[in-house]
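# Structural overview
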Amino acid sequence: MKFMKLGSKPDAFQAEGKAVRYVSSELATDVIINVGEVKFCLHKFPLLSKSNCLQKLVLKATEENDDEICMVDFPGGPKAFEICAKFCYGMTVTLNPYNVVAARCAAEYLEMTEDIDRGNLIFKIEVFLNSSIFHSWKDSIIVLQTAKSLLPWSEDLKIVGRCIDSIASKTSVDPANVTWSYTYNRKLAELDRVVEDRVKLPVIVESVPKDWWVEDICELDIDLYKRVMISVKSKGRMDATVIGEALKMYAVRWLPDSVDALVSDAHAQRNKSLVETIICLLPSDKGVGCSCSFLLKLLKVAILVGADESSREDLVNRLSLKLHEASVKDLLIPARSPQITIYDVELVQCILNRFLMHEKSNQDMDVEKNEKETDNFVLKLGSLLNVGKLIDGYLAEIARDRNLTLSSFIDLARTVPELARPIHDRLYKAIDIYLKEHPSLTKVERKRICGLMVVKKLTMDASMHAAQNERLPLRVVVQVLFFEQMNQMDGKLAKKSSKNSRSSMQLLPSRSRRIFDKLWAVGKGHGDDKSPETSVSSQSPTSMVPGDTKSSGSSSRHRRHSIS
């Protein structure tokens, strides 16, 4: 921390209680100056030789026969005035980052300029600021913090602006050229673990990371932080990922963890302003800079504190570009009144719709450019597959909600493109949970929800589970068993599959076992002269349900009119 000593005489200021300050001297004091609640008993000559303001006030008091002078709204209060008074007396005072702004504002109020005396206090403080403070990273931050309580003086004197420019300029320096100290607790976490575990590692001189500066500016109030970040971004030298890291660190530092603290009357407005400011500072390139997880957490907070519509809309747009990076836990955004569900399903539906719109738009652009790069296709397919898994996992979570309507579940499930869901195991799991948690569904409703999955896209394990699942409509179980049987006409594996199927059949419930026996007999009757596809088309799985027959002459009592 930088400091500057002024004057050489010993400090002769004395106190009488907390309300009176005087100078110990053989000469009687001849002027009383009130600053705030403190009364200063001083001498006119040293004060008037340095302060144009005091010359005018003393003259006015003399004309009005007033014994005391009152300093109204004095910047920095009694402490700042005492620094100026000691300077007038030539007594030793020490300027540092914590008191220099108050001293500078007080000197301006007192008009301690070069017109009155060469080398006056304003000049000396400016030299200290420009030659020391603004060259120091941490001192610039300290001065900026102290400047807020001295507005509008500190703003008018351009102290705030100069601090911000100093800080922003240093963040843009090549990390290899950073030679000053900074706070970076993230690198200390590993060192702490090493110390605790008593593991000795060779001393390694680490290079300065790109985000070396983000923790130090987290101590700034949101208004000043916003101005610093705008200045940092305006220089155009900072990676979007570092900007995102800085905003994440600030959010972690200032946003409370609990919902109650977020929405409490005492802090709701502050938290709302904080979230809206962080959102407006997000990198202009919506596709980079911030992780999907961080954006979703911001969205949760924005909804809780009632952030404005434009802020939430901005987050939704950003999330629609990065949905493939999300986790199911991230998507569990609590619903707000008047919604009656546990989670905000409509919001997730909106984000998914926009994600697919972006994918479609990008696909059309690729067609126009006649681009057929394999790498690009693989990346896009990977994103779609991730989103498919994500939504199916999300469906499994929300399926437990008794207030989730069947239509909401089906609409969200159907939004996932076929290409994004090559395997239907996760979808089957979600459907099974919904059936379990909503036992009052009608036969028609159970058919509707089960119609979402394609039994041919179930793995062996899922098929075996479905075949034993009493919650599924009978038609679905028939389809599962039928396609299971069709998959066992593969030449070399026929005997082995046959054996495995017969043994696993013993595990099926009686309803499924009877159906399996019927299918087994039908399958053996066909022989191996037809392909599975031909067999499926020639023998509809629903036509093999025990009791069904193609004969028009069969008695109606032997027909099954409803399979569910």
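Rules and cut-offs
Residues numbered from 1 in each chain as written. Predicted model: local features only at pLDDT ≥ 70, side-chain atom pairs only at ≥ 80, totals over all residues. Heavy atoms only, no water. Pairing = 2+ DSSP bridges. Helix = DSSP H or I, 4+ residues; strand = E, 2+ residues; numbered from the N terminus. Axes fitted to C-alpha atoms, helices over the stretch in contact; angles between N-to-C directions. Contact = heavy atoms within 4.5 Å. Expected span 1.5 Å × (residues − 1). Buried < 20%, exposed > 50% of the residue type's maximum accessible area, 1.4 Å probe, protein only. pLDDT = per-residue confidence, 0-100. Polar contact = N/O pair within 3.5 Å; in protein donor to acceptor, adjacent residues only side chain to side chain.

Attention now goes to the sheet that holds strand S6 (residues 68-71). Spatially, 5 strands are ordered S2-S3-S5-S4-S6 in an open sheet, and the strand pairing comes out mixed. Every other strand in the sheet has two partners, leaving strand S2 (13-16) and S6 as the edge strands with one partner each. Pairwise comparison of adjacent strand axes, ignoring direction, gives a mean angle of 25° for this sheet. Summarising the sheet, S2 and strand S3 (residues 20-23) pair through 4 bridges and their orientation is antiparallel. Opposite Gln14, over in S3, you have Tyr22 as the bridge partner. Across the face of the sheet, helix H2 (residues 52-63) comes into contact with strand S4 (31-35) and S6 while running at roughly 135° to S6. Along the sheet, helix H3 (residues 77-89) contacts S2, S3, S4, strand S5 (38-42) and S6; its crossing angle with S5, the most-contacted strand, is approximately 10°.

Moving on: helix H10 (residues 222-234). Since the α-helix turns once every 3.6 residues, residues separated by three or four places project in the same direction. Here H10 is 13 residues long and its end C-alpha atoms lie 18 Å apart, about the 18 Å a rise of 1.5 Å per residue gives. Here H10 has its buried residues at Ile222, Leu224, Tyr225, Val228, Met229, Ser231 and Val232. Summarising the contacts, the buried residues of H10 are in contact with helix H6 (137-147), helix H8 (159-171), helix H11 (240-254) and helix H13 (268-280). Following H10 by one or two positions, Gly236 has its phi on the positive side, about 70°.

Of the residues in the protein chain, 80% reach a pLDDT of 70 or more, and the chain-wide mean stands at 83. Across the protein chain, helix H4 (residues 100-109) holds the top mean pLDDT of 98, while helix H26 (residues 532-538) sits lowest at 32. Low pLDDT, under 50, characterises residues 188-205; the predicted model gives this stretch 2 contacts beyond four residues in sequence or across chains. Long-range and interchain partners of residues 491-504, a stretch whose pLDDT sits below 50, account for 11 contacts in this model, where long-range means more than four residues apart.

What follows covers the side chain of His438. Within the fold, His438 resides in the loop between helix H20 (425-437) and helix H21 (443-450). For His438, a relative accessible area of 9% corresponds to the buried category. Separated by 3.0 Å, the side chain of His438 and the backbone oxygen of Asp401 make a polar contact. At 2.9 Å, the side chain of His438 and the backbone oxygen of Tyr434 are in polar contact. Ignoring anything within four residues of it in the chain, the contact list for His438 reads Ala399, Asp401, Arg402 and Leu404.

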